[in-house]
Amino acid sequence: MAPKNAENGAGHKLVIVESPAKAKTIAGYLGNGYVVESSIGHIRDLPQKASDIPASIKGQSWARLGVDIENDFKPYYVVSSDKKSHITKLKKLLKEADELYLATDEDREGEAIAWHLYDELKPKIPVKRMVFHEITPQAINAAVENPRQIDDDLVEAQEARRILDRLYGYEVSPVLWKKVMSGLSAGRVQSVATRLVVDRERERMAFKMASYWDLEGTFDAGSKHEQRMFPAKLHSVDDKRVARGSDFGQDGVLKSSAEGKVVHLDRPRAEALVSALEDATYDVRSVEAKPYRRSPYPPFRTTTLQQEASRKLGMSASVTMSVAQRLYENGYITYMRTDSTTLSGTAVNAARSQVRELYGAEYLPDAPRTYTSKVKNAQEAHEAIRPAGESFRTPAQTGLTGEQFRLYELIWMRTVASQMKDAVGQSVTIRLGGAAATGEDVVFSATGRVITFHGFLKAYVEGTDEGKQTDDQETRLPQLAEGDTVAAASIQATGHETKPPSRYTEATLIKELEEREIGRPSTYASIIGTILNRGYVYKKGTALVPAWLAFSVIRLLEEHFPRQIDYAFTARMEDVLDEIAGGRKDRATELAEFYFGTGEVEGLKKLVDELGDIDARELATFPVGGPDSGINLRVGRYGPYLEVVGGADGDGDGAGAGVRANVPDDLPPDELTLEKAKELLANPAGEEIDLGAHPETGLRVVAKNGRYGPYVTELLPEDAPRSGKKGQAKPRTGSLFKSMSLDTVSLEDAVKLLSLPRVVGEDPESGEEITAQNGRYGPYLKKGTDSRSLTSEDQLLTITLDEALRIYAQPKQRGRAAAAPPLKELGNDPVSGQPVVVKSGRFGEYVTDGEYNATLRKDDTVEDLTLERAAELLAERRARGPAKKAAKKGAKKAPAKKAAAKKTTAKKTAAKKTAKKAAAKKA
């Protein structure tokens, strides 16, 4: 911020925070006598590239690491080039100050930034560490009045974490470059997170489906009951429980623990049992009622906020943290990177006050509720994520809109609900018995739940994964007593199939990482962002799917760096870092053990130095359908592809060996079955289907399956005259109509397609030529600059000149045509509250809430698209900000001479760069 807050620009106190937005807010609270400036994030780091390495260490063997591994792992930090001018500015402001407040965030990373500022600025004036977890006038003034010193243990822990990550990444990543693919990266936590996703896909690939049947009935309690009809499922036959999905293993066979204890119904037996129960009567064997009680959920910490925002608002972890950061910096919520569920006394009072005001005293417990985090090494001195201030603003009072409103509302509801009474009610299980005509004794079971007092559920209900029942769902049953008789209104046999383990979503992966104590909550969003951006993982709907590239990477790490990719080891390293933070372990000792190893355990350096020969081809080869199928999947430089090593049918006789086919990028690994592989090999992209010779030109005509769909093309001879922009021969091509396929397209069809664009005739009035063409947006007629759409592709081949002239005789539609109806309606967006629909646009299908449009990804289909997936796409689109508007007509343009000068300069600069690159290549 400008020094106008200081009187006469001298004798002021300089306050440094991380972000300009936070600086602006805090400056307004502190007033005169203070200058508030931001560091704009980190000011320095370990060297990122060779040119960053300090001259004093360039000759050292470890210089590329930026860490002196021979002297207690001393790090060498450099100020990034884009921060040097800003450091100069901070130093100038420091000269005019008489006191320095380092007011970076209160977590480990914030503590490290404060230390880096202190070490780089080298102040000669008193320095104080100022910490706060919310940006309100009261909190900022309290922080100024109660400063502390920089916590060296926290700095040590963060530095150890940074050095550890540097050693891991800089030693292991080059191995991936040499043996898998250039540009890849390995990371202490990112690689383990990738392994989790790969392991889950391996489970899905090994999974074998089992089928089982049961009976579902609707029973009639009689006219005297208000709740007359109720559902029940078959529970047991002759005292043996009916098998359900959880009784089967991954191999599709009954688990040993279930053998002899359950009855496995197949379709014939289930249907026979239905027939045998046609005349059965049923009596109530037992009624078991239990009290139902549910306590409020704790206030949010980082990971639970990310999970709920994903479930309820469709926000990715990165979008959630970005929105939360803005809410924090503008004084709406407390600090959003925390593993604590603790609320301050002030916050508890604020929440209880709103419970009394909004819901009534009957919803307020006699004593305040307290929460203790179950997260290992949680910093309880920090607070949970809650609304900022001594009294909470309701969402309507904030003036927020869009994503910020929705996320604030989520945090506000959760916080208020945490101080409300339990929800209470009753759970009931009714067992109905009857005798089948076969003499078998059958028991049906009905379960219900009634909530008599909703308590905190009035304010907030937690979301669930995989369609599980939410805490506020009720199922009412009639008031029955043991011995009562009921009639079966209907009974039917129902088949089921076991399902493979669900893929991780962002929410469930975060939950898994936290439960395994891998990484820190503050890093989960960036970890998921990294594995997505690196191409190790992609999204199919909300599910995280590993790419085949990830399988190669994880295979290498498992075979050659088993300790570093181990889940338990990675969790133990987090414990070590926490011990360093607590001052109970020495940083240099722990780093030495990790890097150099001990007598019992090999260190990272030895593993890298003694790798030996690694068969890169074997790493990238995965048999499809078993080792004897004769078909391998290979991970190549340009993507995965199939290769026949035996017969094309997998008979191993060598017939068809060498045949290849690309694997679609969006085909999940568990869907690449042997049958699918054979299908892809039978019609691979790029393979030519010879249709014969063109009757006019004599050239061979072939059909191909290309990147953008099937098409036909001519094969030009080697000595064909050169044409086209790059001096290459340019054959005629034509995309297949939607009504055609590679299996049925004929030479006659191909000749017609290659005739496009077709000259329809000349306009007798203007003399202009009219052509029929197939364009990006469909078939159309063209006359000069006047284009008219056609209704079908077939018209391209059949339309006559008279028909074309009649179309041109009609007045051309101006502006947009009437909007087409949506392809699908999904419901209201959880962020904007507006209806979300799927539409078809000129660039493909997209979702819209009326304000933002988001194009469907390649693995999204209109049929399978859910509201949750659409909300996620819209959230990602909003995170990029509003679209830039096109310049209006009549807007002033830059003077032509200046524009030309800039263009010339740009060309000269580009020419110089090209010359330098060429010289470097020669060298």
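This write-up is about the structure you can find in this document. Here the structure is a predicted model, which is why all the values come from computation and not from measurement.

### Things to note about the overall build of the chain
- Secondary structure summary: the chain contains 25 helices and 34 strands in total.
- Going through the 923 residues of the chain one by one, you find that 48% of them count as buried.
- The long-range share in the chain, meaning contacts at least 24 apart out of those at least 6 apart in sequence, stands at 65%.
- Total accessible area on the chain is roughly 47,500 Å²; 48% of this is exposed by carbon and sulfur atoms.

### Regarding the sheet that holds strand 30 (residues 786-789)
- One open sheet accounts for 4 strands, arranged 27-28-29-30; its pairing is antiparallel. In the strand order of this sheet, the two ends are held by strand 27 (758-762) and strand 30, each with one partner. Each strand axis lies, on average, 25° off the axis of its neighbour in the sheet, ignoring direction.
- In terms of strand pairing, strand 27 meets strand 28 (residues 769-775) through 4 bridges, oriented antiparallel. Bridged to Arg 758 within strand 28 is Ala 772.

### A word on empty space enclosed by the protein
- Overall, the coordinates contain 1 cavity of 30 Å³ or more when judged by the stated rule.
- The space that makes up the largest cavity amounts to roughly 40 Å³.
- For the lining of the largest cavity, a count of residues per class yields 8 nonpolar, no polar and 2 charged.

### Notes on helix 12 (residues 402-417)
- Counted at 1.5 Å a residue, the expected span for helix 12 with its 16 residues is 22 Å, and the 23 Å between its end C-alpha atoms agrees.
- Those residues of helix 12 not exposed but buried are Glu 403, Gln 404, Leu 407, Tyr 408, Leu 410, Ile 411, Trp 412, Arg 414, Thr 415, Val 416 and Ala 417.

### Here we look at the packing of aromatic side chains
- For the coordinates displayed, the defined rule picks out 21 aromatic pairs.
- A cation over a ring is seen here: Arg 195 above Tyr 567, with NZ or CZ 4.1 Å from the ring centre.
- The ring of Tyr 504 has Arg 200 lying over it, and the distance from NZ or CZ to the ring centre is 4.3 Å.

### What about the nonpolar core?
- Residues Ile 333, Leu 407, Phe 561 and Leu 642 are the most contacted members of the largest nonpolar core, which totals 147 residues.
- At 10 residues, helix 5 (residues 152-179) tops the list of elements feeding residues into this core.
- For Phe 561, the contacting residues outside a window of four places in its chain are Val 172, Val 175, Leu 556, Leu 604, Leu 607, Val 608 and Leu 611.

### Here's the deal with helix 10 (residues 345-358)
- Between the first and last C-alpha of helix 10 there are 20 Å, a value that for 14 residues agrees with the 20 Å anticipated at 1.5 Å per step.
- What helix 10 keeps buried is the set Ala 347, Val 348, Ala 350, Ala 351, Arg 352, Gln 354 and Val 355.
- Structurally, helix 10 contributes buried residues whose contacts are with helix 12.
- Immediately beyond the C-terminal end of helix 10, within one or two residues, lies Gly 360, with a positive phi of roughly 105°.

### Examining the sheet that holds strand 34 (residues 853-855)
- If you trace the 4 strands from one edge of the open sheet to the other, you get 31-32-33-34, paired in antiparallel fashion. Two strands close off the open sheet at either side, each with one partner strand: strand 31 (824-828) and strand 34. Within this sheet the neighbouring strands show an average axis-to-axis angle of 30°, counted without direction.
- Here 3 bridges tie strand 33 (residues 844-848) to strand 34, and the two strands are oriented antiparallel to one another. Bridge pairing in strand 34 links Val 847 to Ala 854.

About the thresholds
Residues numbered from 1 in each chain as written. Predicted model: local features only at pLDDT ≥ 70, side-chain atom pairs only at ≥ 80, totals over all residues. Heavy atoms only, no water. Helix = DSSP H or I, 4+ residues; strand = E, 2+ residues; numbered from the N terminus. Buried < 20%, exposed > 50% of the residue type's maximum accessible area, 1.4 Å probe, protein only. Contact = heavy atoms within 4.5 Å. Areas by Shrake-Rupley, 256 points an atom, 1.4 Å probe, with all protein chains shown as cover. Pairing = 2+ DSSP bridges. Axes fitted to C-alpha atoms, helices over the stretch in contact; angles between N-to-C directions. 1 Å grid on protein atoms, 1.4 Å probe; cavity = no way out; pocket = protein on both sides within 12 Å on 5 of 7 lines; lining within 4 Å. Points joined across faces, edges and corners; volume = space filled by probe spheres on them. Nonpolar A, V, L, I, M, F, W, Y, C, P; charged D, E, K, R; others polar. Expected span 1.5 Å × (residues − 1). Phe/Tyr/Trp six-rings, centres within 6.5 Å; stacked < 30°, edge-to-face > 60°. Lys NZ or Arg CZ within 6 Å of the ring centre and 35° of its normal. Core = buried A, V, L, I, M, F, W, Y, C linked by side-chain atoms within 4.5 Å.

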